[in-house]
Amino acid sequence: MKTALLVIDVQNDFCPAGALEVAGGNEIVSDINHEMKKYDCVVLTQDWHPKGHSSFAISHKDKNPLDVVEMPYGDQILWPEHCVQGSKGAEFHSDLDADRANAVIRKGSNPLIDSYSAFFENDQKTPTGLDGYLKSRGINTIYLCGLALDFCVYFSAIDGAKLGYNVIVIEDACRAIDLNGSLENSLNDMKSKGVRLLTTSNL
Ligand code: VGL
Ligand code: ZN
């Protein structure tokens, strides 16, 4: 068994006072730093949108954050402008031990397609390259932590399971947005797809 820790989107904009603040997002950083020491490989993901990205409510006339629009690839929730390439909000939380990472995967750079999953854009077919990176290093088991549990962690986990990895989500090293039941739905869906949910105390 060869393992990777995927640290999803631990960036200023998803932490308190950030543009798309996730409650308690900063509280997981020290546990994640501790986890990083235990895996064969550590990958950080970084949400990395160009200005005017199509997932931003301000890019659509008469739309507000959390409205839903139809995109060619399906329904898209509109978000406040966040994680703009090169901005302070797109930087990793300053306490995150980013120097330990073997690789950083940036996602969401296509102005027309959002990308929640670390493996595929939201069209569910454009790869980020992470699968090839992990497979070429012989990784077969992935542990996920970070933000947000019910969006980017969730979509990364189910794509990882689909791609044949053993997938474990470290639940207490995540925080959720929880929009219209998204937290409960994502936990149920992950369980039904064979994703295991553990806590740092069980690792
Ligand atoms: C995320 C919404 C928009 C996430 C990223 O990291 O969960 N959520 N962009
Ligand atoms: Zn985003």
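Below: a short report on this structure. (Residues numbered from 1 in each chain as written. Chains lettered and ligands numbered in written order. Predicted model: local features only at pLDDT ≥ 70, side-chain atom pairs only at ≥ 80, totals over all residues. Heavy atoms only, no water.)

### Considering the packing of helix α3 (residues 149–162) against helix α4 (residues 182–192)
Working step 1: Between α3 and α4, the shortest axis-to-axis distance is 10 Å and the interhelical angle comes to 15°. As judged from the angle between their axes, α3 and α4 are roughly parallel. Pair α3 / α4 crosses with left-handed handedness. Contacts between α3 and α4 involve Leu-149, Asp-150, Phe-151, Tyr-154, Ala-157 and Ile-158 from the first element and Ser-182, Leu-183, Ser-186, Leu-187, Asp-189 and Met-190 from the second.
Working step 2: Tallied by class, the residues present in the contact of α3 with α4 amount to 8 nonpolar, 2 polar and 2 charged. (Axes fitted to C-alpha atoms, helices over the stretch in contact; angles between N-to-C directions. Helix = DSSP H or I, 4+ residues; strand = E, 2+ residues; numbered from the N terminus. Parallel < 35°, antiparallel > 145°, perpendicular 65-115°, else oblique. Left-handed = near helix turned anticlockwise from the far one by under 90°. Contact = heavy atoms within 4.5 Å. Nonpolar A, V, L, I, M, F, W, Y, C, P; charged D, E, K, R; others polar.)

### Let's talk about the site of ligand 1
Working step 1: In the vicinity of ligand 1, the contacting residues are Asp-9, Phe-14, Leu-20, Asp-47, Trp-79, His-82, Tyr-116, Leu-147, Ala-148, Phe-151 and Cys-152.
Working step 2: Class assignment of the residues belonging to the shell around ligand 1 gives a composition of 8 nonpolar, 1 polar and 2 charged. (Near = heavy atom within 4 Å.)

### Points about the coordination of the zinc ion (ligand 2)
Working step 1: Bound to the zinc ion (ligand 2) are the protein donor atoms Asp-47 (OD), His-49 (NE2) and His-82 (NE2), situated 2.0 to 2.2 Å from the metal.
Working step 2: Here the zinc ion (ligand 2) is ringed by 4 donor atoms whose angles at the metal span 88 to 168°, and the overall shape comes out irregular.
Working step 3: One chain supplies every donor to the zinc ion (ligand 2), and in sequence these donors are spaced D-x1-H-x32-H. In this pair, Asp-47 sits in strand β2 (residues 41–47) while His-82 sits in the loop between β4 (74–77) and β5 (103–107), placing the two residues 35 residues apart along the sequence. (Donors = N, O, S within 2.8 Å, 3.2 Å for Na, K, Ca; no water. Tetrahedral: all angles 85-135°; square planar, octahedral: opposite > 155°, others 65-115°.)

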